[in-house]
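A structural walkthrough
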Protein chains: 2
Amino acid sequence: MALLERTGEEVSRLRLAAELGVARARMEAVFPEEGDLLDAITAEWFAPKIAMMDEVMGTDLPPRRKMYEFFARRFALLRQNFQEDPATFRLYVEMGERYFEYAQSYIDLADHYLCELIVEAQADGHLAGMDVDDARSIINQMVIGYIQPYLIAMIGERLSEGKLAAIIDAIFDGLSAKDGGARGTGKLHAA
Amino acid sequence: MALLERTGEEVSRLRLAAELGVARARMEAVFPEEGDLLDAITAEWFAPKIAMMDEVMGTDLPPRRKMYEFFARRFALLRQNFQEDPATFRLYVEMGERYFEYAQSYIDLADHYLCELIVEAQADGHLAGMDVDDARSIINQMVIGYIQPYLIAMIGERLSEGKLAAIIDAIFDGLSAKDGGARGTGKLHAA
């Protein structure tokens, strides 16, 4: 990853072996396939984000506070990563688009945690009547600017902890399975 | 734009002149600078989206319904554009990233309309106490998946009118200037 950050380019096993001055056979013993190197890079990149999520899930904060911290801490870290080295951050974003299957298990873990938070919120009377998976999908969409690295690079200066808190409050105070009337009925639409 | 769609590449004035069999001088009379061609392409691309926004703004729907239609109709059109020709859609997304200054006046117009919708919603008791510009920014973030072409290409299959309606209802029923407690206080945070 240091090589990748220095050169601003993706790193192959061959390039890495040359950089480290190790034999190709030794490199292949550690990373049998090119994909194993990508797996390792993905794991390193996600590790601090996973650690933050674990930490938040382990607290006994009330659900609303917990969901805010769940997104806010990751956001603060991603923003810091971007600000410290925008070019490398954008390279990781591009790699994430190209090799998104490597990130799938981490995204699944974050989704699993979010489902737990939704169940806790529902036990407190929020997100009334919602299917947990629908709620997960809708909430992810409402905060996508704060979790999607591409968007953090693109609209980062418009994102803030205060705005994220307003969105989390709107989720807890206004999101439910009840039809509030935004979509209207067939009749209204025809009129 | 037909040439751009057929070749899957950006079109310069020179390339367009060759395609149409017109003299370079004639092309330069119509598009004095390369940027004038980009301006024209941007205007064509946005025209149907602007027409939809104008149409919605001209209705006398209640604010909640109006805000839903404001985003939903554009979303349906963008999704259709993507589905009909994903490669060309992605090319426009890339061009939009490279030449985003050309799109600025259209984004400003959409923001201006959204501010009008916010004022109407506030007159009905929603978005209580919010600064109009803060509300505009937060609402744009909450529905960014439905208005950002890059996201429509990327997560389109997870977006739906039903989910958008749930988000709009959460905006009307749960978004306000009141601190609902998501962010917590300094004391709580320390504890």
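All of these numbers come straight from a predicted model, not from anything done at the bench.

1. So, the interface of chain A and chain B
In this assembly, 39 residues from chain A lie in contact with 39 residues from chain B. Together chain A and chain B conceal approximately 3300 Å² of surface at their shared face, both sides included; 61% is due to carbon and sulfur atoms. For the chain A face of the interface with chain B, the top three residues by lost area are Gln141(A), Ala182(A) and Arg183(A), together amounting to 20%. Seen at the junction of chain A and chain B, the total is zero salt bridges. Joining chain A to chain B, the criterion identifies 18 residue pairs in polar contact (both at pLDDT 80 or more). Every element with two or more residues in the side of chain A that touches chain B is listed here: α5 (63-84), α8 (132-142), α9 (144-147), α10 (149-155), α11 (161-174) and α12 (186-190) of chain A. By residue number, the principal contributor to the side of chain A that touches chain B is α11(A), which donates 11 residues. A breakdown of the residues in the side of chain A that touches chain B according to their chemical character gives 18 nonpolar, nine polar and 12 charged.

2. As for the packing of helix α4 (residues 34-57) of chain B against helix α7 (residues 100-123) of chain B
Residues and elements named next belong to chain B. It is the contact of α4 with α7, at a shortest axis distance of 8 Å, that shows an interaxial angle of 15°. With respect to their mutual orientation, α4 and α7 come out roughly parallel. Relative to α7, the crossing made by α4 is right-handed. Across from Gly-35, Leu-38, Asp-39, Thr-42, Ala-43, Phe-46, Ile-50, Met-53, Asp-54 and Met-57 in α4, the residues of α7 making contact are Tyr-102, Ala-103, Tyr-106, Leu-109, Ala-110, Tyr-113, Glu-116 and Leu-117. For the contact of α4 with α7, the per-class residue count stands at 13 nonpolar, two polar and three charged.

3. Here's the deal with the pattern of salt bridges
All told, the structure shown has 30 salt bridges over all chains when counted by the stated rule. Across the salt bridge formed by Glu28(B) and Arg24(B), the nearest N and O atoms sit 3.6 Å from each other. Here Arg24(B) and Glu28(B) lie together in helix α3 (residues 24-30), a separation of four residues that amounts to about one turn. Under the relative-accessibility criterion, Glu28(B) is labelled partly exposed at 34%. Take Arg24(B): its relative accessible area is 56%, and that puts it in the exposed class. Overlapping salt bridges, with partners in common, bring together Glu55(A), Arg65(A), Glu69(A) and Arg73(A) in one network.

4. Things to note about the UniProt feature "domain: Tetracyclin repressor-like C-terminal" (unreviewed entry) in chain A
Mapped onto this structure's residue numbering, the UniProt feature "domain: Tetracyclin repressor-like C-terminal" (unreviewed entry) falls at residues 63-167 of chain A. Secondary structure across residues 63-167 of chain A comprises 84% helix and 0% strand; the distance between its end C-alpha atoms is 14 Å.

5. Quick notes on the nonpolar core
Membership of the largest hydrophobic core comes to 123 residues, with the highest contact counts inside it found for Ile171(A) and Ile171(B). For Ile171(A), the contacting residues outside a window of four places in its chain are Met67(A), Leu127(A), Ile139(A), Met142(A) and Val143(A).

6. Some remarks on the relation of the copies chain A and chain B
Mapping between the two chain copies consists of a rotation about an axis together with a translation along that axis. For the pair chain A and chain B, the best superposition has an RMSD of 0.0 Å and corresponds to a rotation of 180° with a translation of 0.0 Å parallel to the axis. The symmetry that links the two subunits is that of a two-fold axis. When the interface residues of chain A are mapped onto chain B, 100% of them again fall at the interface, so both copies present the same face.

Conventions and cut-offs
Residues numbered from 1 in each chain as written. Chains lettered and ligands numbered in written order. Predicted model: local features only at pLDDT ≥ 70, side-chain atom pairs only at ≥ 80, totals over all residues. Heavy atoms only, no water. Contact = heavy atoms within 4.5 Å. Buried area = accessible area lost by both parts, 1.4 Å probe. Salt bridge = Lys/Arg side-chain N within 4 Å of Asp/Glu carboxyl O. Polar contact = N/O pair within 3.5 Å; in protein donor to acceptor, adjacent residues only side chain to side chain. Helix = DSSP H or I, 4+ residues; strand = E, 2+ residues; numbered from the N terminus. Nonpolar A, V, L, I, M, F, W, Y, C, P; charged D, E, K, R; others polar. Axes fitted to C-alpha atoms, helices over the stretch in contact; angles between N-to-C directions. Parallel < 35°, antiparallel > 145°, perpendicular 65-115°, else oblique. Left-handed = near helix turned anticlockwise from the far one by under 90°. Buried < 20%, exposed > 50% of the residue type's maximum accessible area, 1.4 Å probe, protein only. UniProt positions renumbered as here; feature names shortened; annotations may be inferred. Core = buried A, V, L, I, M, F, W, Y, C linked by side-chain atoms within 4.5 Å. Least-squares fit on C-alpha atoms with pLDDT ≥ 70 in both.

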